[in-house]
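# Observations on chain architecture
Here is what each chain is made of, one letter per residue.
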Amino acid sequence: MLRSVEIELSVKFSPPFANTFSVSGNAKPKQGTMKPELKRIRKVEYDIDPNRYELRDGREINAPLCPYGNHYKWIGFDLKTNEYVRFAKSVFKLLINKNGK
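The structure reproduced in this document is the subject of the present report. Just so it is clear, the model here is predicted, and its values are computed rather than measured.

## Considering the overall build of the protein chain
What the protein chain contains, in helices and strands, is 3 helices and 4 strands. Mapped in sequence order, the helices and strands of the protein chain form the string α-β-α-β-β-β-α. Counting the 101 residues in the protein chain, one finds 20% classified as buried. Element-wise, carbon and sulfur atoms account for 55% of the exposed surface of the protein chain, whose accessible area totals about 8400 Å².

What follows is the structure, encoded as structure tokens:
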């Protein structure tokens, strides 16, 4: 009998909206605030036509911002489609070493 009273009291006296808050360790933007992700170019795609892609300064006038609203330091560009792309780490390292940046 005493046990049911304890449970009833804890439910009855819990703060309002106690179970509606969520805590997350990831700093993700709210739903709908992120911009569409850039097309990712992997090493296999890059090796097909390496002259198609170039590494540009992320602070250029038309360069996109990252999903959190910051400027990229470096951003990829597809010369064939005239759009900015995101390089896989292997491609990015190759271009950084190639350009000596």
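## Focus: the pattern of salt bridges
Within this structure, the stated rule accounts for 6 salt bridges. Between Glu37 and Arg86 there is a salt bridge, with the nearest N and O atoms lying 3.1 Å from each other. On the criterion of sequence distance, the pair formed by Glu37 in the loop between α1 (2–12) and β1 (39–41) and Arg86 in strand β4 (residues 83–87) is long-range, its members being 49 residues apart. When its relative accessible area of 63% is taken as the criterion, Glu37 is described as exposed.

## Some words on the side chain of Asp78
You can see Asp78 is positioned in strand β3 (residues 74–78). Assessed through its relative accessible area of 0%, Asp78 is described here as buried. Apart from the residues within four sequence positions on either side, Asp78 is in contact with Arg52, Tyr53, Glu83 and Val85.

## Some remarks on the packing of aromatic side chains
Counted by the stated rule, this structure contains 3 aromatic pairs. Ring plane angle 35° and centroid distance 6.1 Å describe the contact between Tyr46 and Tyr53, whose orientation is recorded as tilted. Judged on exposure class, the residue Tyr46 and its partner Tyr53 are both buried. Ring geometry for Tyr53 and Phe87: centres 6.1 Å apart, planes at 85°, overall edge-to-face. With Tyr53 in strand β2 (residues 53–57) and Phe87 in strand β4, the pair connects residues that are 34 residues apart, well separated along the chain. Accessibility expressed as a relative area gives 8% for Tyr53, which makes it buried. Members of the aromatic cluster, connected to one another through ring pairs, are Tyr46, Tyr53 and Phe87.

## Overview of the environment of Asp78
C-alpha of Asp78 to C-alpha of Ile41: the two residues are 37 residues apart in sequence and 9.4 Å apart in space. Of note is the side chain of Asp78, whose polar atom sits 3.0 Å from the backbone nitrogen of Lys80.

## Re the pairing of β4
With 3 bridges joining them, β1 and β4 adopt parallel strand pairing. In the strand pairing of β4, Lys39 is matched with Val85. Direction of pairing for β3 relative to β4: antiparallel, over a ladder of 3 bridges. Looking at β4, one finds that Gly76 is bridged to Val85. Remark: 4 residues form the turn of the hairpin made by β3 and β4, two consecutive strands paired antiparallel; Asn82 in that turn has positive phi of roughly 55°.

Here is what the cut-offs are and how they apply
- Residues numbered from 1 in each chain as written.
- Predicted model: local features only at pLDDT ≥ 70, side-chain atom pairs only at ≥ 80, totals over all residues.
- Heavy atoms only, no water.
- Helix = DSSP H or I, 4+ residues; strand = E, 2+ residues; numbered from the N terminus.
- Buried < 20%, exposed > 50% of the residue type's maximum accessible area, 1.4 Å probe, protein only.
- Areas by Shrake-Rupley, 256 points an atom, 1.4 Å probe, with all protein chains shown as cover.
- Salt bridge = Lys/Arg side-chain N within 4 Å of Asp/Glu carboxyl O.
- Contact = heavy atoms within 4.5 Å.
- Phe/Tyr/Trp six-rings, centres within 6.5 Å; stacked < 30°, edge-to-face > 60°.
- Polar contact = N/O pair within 3.5 Å; in protein donor to acceptor, adjacent residues only side chain to side chain.
- Pairing = 2+ DSSP bridges.

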